[in-house]
Amino acid sequence: MTGLMKGKRGLIMGVANDHSIAWGIAKHAAEQGAELAFTYQGEAFGRRVKPLADKIGTKLLLPCDVEDISTVDSVFETLKAEWGKIDFIVHAIGFSDRNELKGLYADTTRENFVRTMVISCFSFTEIARRAADLMEEGGSMLTLTYAGSVRVMPNYNVMGVAKAGLEASIRYLANDFGPRGIRVNGLSAGPVRTLAGAGIADSRLMYNYQQRNAPMRRPVTIEDVGKSGLYLLSDLSSGVTGEIHYVDSGYHIVSMPTLDELKR
Ligand code: NAD
């Protein structure tokens, strides 16, 4: 199938490099004919993102740090001036102090709790409100989450709490914007080796464990996540909103390690 996204324009937020989940989604959307704009966080990321943007013919590359709301405003002002309307957004942004992505959740500081929440959770709501204003003919919004929101994962700590808030935000935003034909969904990806993923202590152990114990016995790739992202951004999912869609080789259905693992 080709041309699934032909005539659609969308904003991709969160490409840091070619390992980023956002890049996996961007590639698949572009392959299907979407016209994309990218944001980047600071000049160092900008230099890394530019060649990727060039590869898929993306001309709009806009600086944005969600901790500075004026940069979010200027992204949407530029999109309004350049395109008038948009059809979709991808929010693939997350951050927490790596010193608190280990040890006990109970030791999370107030400062990092608030910062993690603002960047990893509330930014989606702030972005969604601005994006909805440019979606007069409906649209699709997508964010990235992780199963640490609903189950305890070692070291994920405050990020799990932020992702729980993010998943609740998906449902409230889906309800807010549903009457306007705007769908809001989340992809819950299994562990992927990315810059953000590497910030979690012992992430390699968790990645390997999931690979051995997920029903499909393999890790997910940014291609897997990209294809599911394409489904949720495109009209193929026209009746789907408020959904958390797992792309994790099935790990979330399992309640016990494999027998091989238990016998190790
Ligand atoms: P990544 O490091 O490639 O992307 C994270 C992005 O967040 C970067 O582009 C970074 O610039 C951006 N970001 C952080 N703070 C920001 C700020 N203040 N303003 C603007 N942008 C900011 O890593 P990734 O794993 O592709 O992460 C993308 C999303 O996927 C995150 O929400 C992450 O929690 C989620 N996720 C990742 C995994 C995984 O295993 N890697 C699994 C499930 C969900």
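What you are looking at is a predicted structure, and each value in this text was computed from that prediction instead of being measured.

### Quick look at the pattern of salt bridges
At step 1: Under the criterion given, the structure shown has eleven salt bridges.
At step 2: Residues joined by salt bridges that share partners form a network here, namely K85, D87 and E137.

### So, the pairing of strand β6 (residues 182-189)
At step 1: A large share of β6 lies buried, amounting to eight of its eight residues.
At step 2: Side-chain alternation along β6 places I182, V184, G186 and S188 on one buried face and R183, N185, L187 and A189 on a second face that is also buried.
At step 3: Pairing geometry for strand β5 (residues 139-145) and β6, over seven bridges, is parallel. Across the sheet, the residue bridging to S140 is R183, located in β6.
At step 4: Note that the unit made of β5, helix α5 (residues 157-177) and β6 has a crossover that is right-handed.
At step 5: For β6 and strand β7 (residues 244-247), the ladder comprises four bridges, and the chain directions are parallel. Looking at the pairing, S188 lines up with Y246 of β7.

### Brief notes about the packing of helix α1 (residues 21-31) against helix α8 (residues 222-233)
At step 1: Where α1 contacts α8, the two axes come as close as 7 Å, and the packing angle between them is 55 degrees. Taken together, the axis directions place α1 and α8 in an arrangement best described as oblique. α8 is crossed by α1, and the crossing has right-handed handedness. Here I21, W23, G24, I25, K27, H28 and A29 of α1 come into contact with α8, specifically with I222, E223, V225, G226, K227, G229, L230 and L233.
At step 2: Of the residues in the contact of α1 with α8, the class split is eight nonpolar, four polar and three charged.

### With respect to the packing of aromatic side chains
For any two aromatic rings, the description comes down to two numbers: the centre-to-centre distance and the angle of the planes.
At step 1: Going through the model one piece at a time under the given rule, you end up with two aromatic pairs.
At step 2: On the basis of an interplanar angle of 90 degrees and a centroid distance of 6.4 Å, the ring pair of W23 and F38 is categorised as edge-to-face. Of this pair, W23 sits in helix α1 while F38 sits in strand β2 (residues 35-40); the two residues are 15 residues apart in sequence, bridging distant segments of the chain. Of the two residues, W23 and F38, both sit in the buried class.
At step 3: Arranged with centres 4.8 Å apart and planes meeting at 70 degrees, the rings of Y146 and Y156 form a pair that is edge-to-face.

### Looking at the sheet that holds β7
At step 1: Spatial strand order, β3-β2-β1-β4-β5-β6-β7: seven strands in an open sheet with parallel pairing. Two strands bound the open sheet, and with one partner strand each, they are β3 (60-63) and β7. The average undirected angle you get between the axes of adjacent strands in this sheet is 20 degrees.
At step 2: As paired strands, β2 and β3 are joined by four bridges and run parallel to one another. Opposite F38, over in β3, you have L61 as the bridge partner.
At step 3: Across the face of the sheet, helix α4 (residues 110-132) comes into contact with β1 (9-13), β4 (88-91), β5 and β6 while running at roughly 170 degrees to β4.
At step 4: Its contacts with the sheet place α8 against β4, β5, β6 and β7, and it is angled at close to 165 degrees to β6.

### Side note on the nonpolar core
At step 1: Ranked by internal contacts, the top residues of the largest apolar core, which has 35 residues, are F76, L79, I86, I89 and M141.
At step 2: Where this core is concerned, the elements lending two or more residues are β1, β3, α3 (69-83), α4, α5 and β6.
At step 3: Here this core gets eight residues from one element, more than from any other, and that element is α4.
At step 4: Those residues in contact with I86 that sit more than four places away from it in its chain are R9, F76, L79, A131, L134, M135 and G138.
At step 5: With 34 residues, the next largest nonpolar core counts A26, V90, I222 and L232 among its residues.

### As for the site of the ligand
At step 1: Lining the immediate surroundings of the ligand are 27 residues, of which S20, Q41, D65, V192 and T194 lie closest.
At step 2: Between the ligand and D65 there is a distance of 2.9 Å, counted from a nitrogen atom to a side-chain nitrogen or oxygen.
At step 3: A distance of 3.3 Å is found between an oxygen atom of the ligand and a backbone nitrogen or oxygen belonging to I93.
At step 4: Taking 820 Å² as the accessible area of the ligand by itself, protein coverage stands at 93%.
At step 5: Of all the elements in the fold, those that place two or more residues in the shell around the ligand are β5, α5 and α6 (195-198).
At step 6: In the shell around the ligand, the residues fall into 18 nonpolar, seven polar and two charged.

Here is what the cut-offs are and how they apply
Residues numbered from 1 in each chain as written. Predicted model: local features only at pLDDT ≥ 70, side-chain atom pairs only at ≥ 80, totals over all residues. Heavy atoms only, no water. Salt bridge = Lys/Arg side-chain N within 4 Å of Asp/Glu carboxyl O. Buried < 20%, exposed > 50% of the residue type's maximum accessible area, 1.4 Å probe, protein only. Helix = DSSP H or I, 4+ residues; strand = E, 2+ residues; numbered from the N terminus. Pairing = 2+ DSSP bridges. Right-handed = clockwise from strand over helix to strand, strands pointing away. Axes fitted to C-alpha atoms, helices over the stretch in contact; angles between N-to-C directions. Parallel < 35°, antiparallel > 145°, perpendicular 65-115°, else oblique. Left-handed = near helix turned anticlockwise from the far one by under 90°. Contact = heavy atoms within 4.5 Å. Nonpolar A, V, L, I, M, F, W, Y, C, P; charged D, E, K, R; others polar. Phe/Tyr/Trp six-rings, centres within 6.5 Å; stacked < 30°, edge-to-face > 60°. Core = buried A, V, L, I, M, F, W, Y, C linked by side-chain atoms within 4.5 Å. Near = heavy atom within 4 Å. Polar contact = N/O pair within 3.5 Å; in protein donor to acceptor, adjacent residues only side chain to side chain. Areas by Shrake-Rupley, 256 points an atom, 1.4 Å probe, with all protein chains shown as cover.

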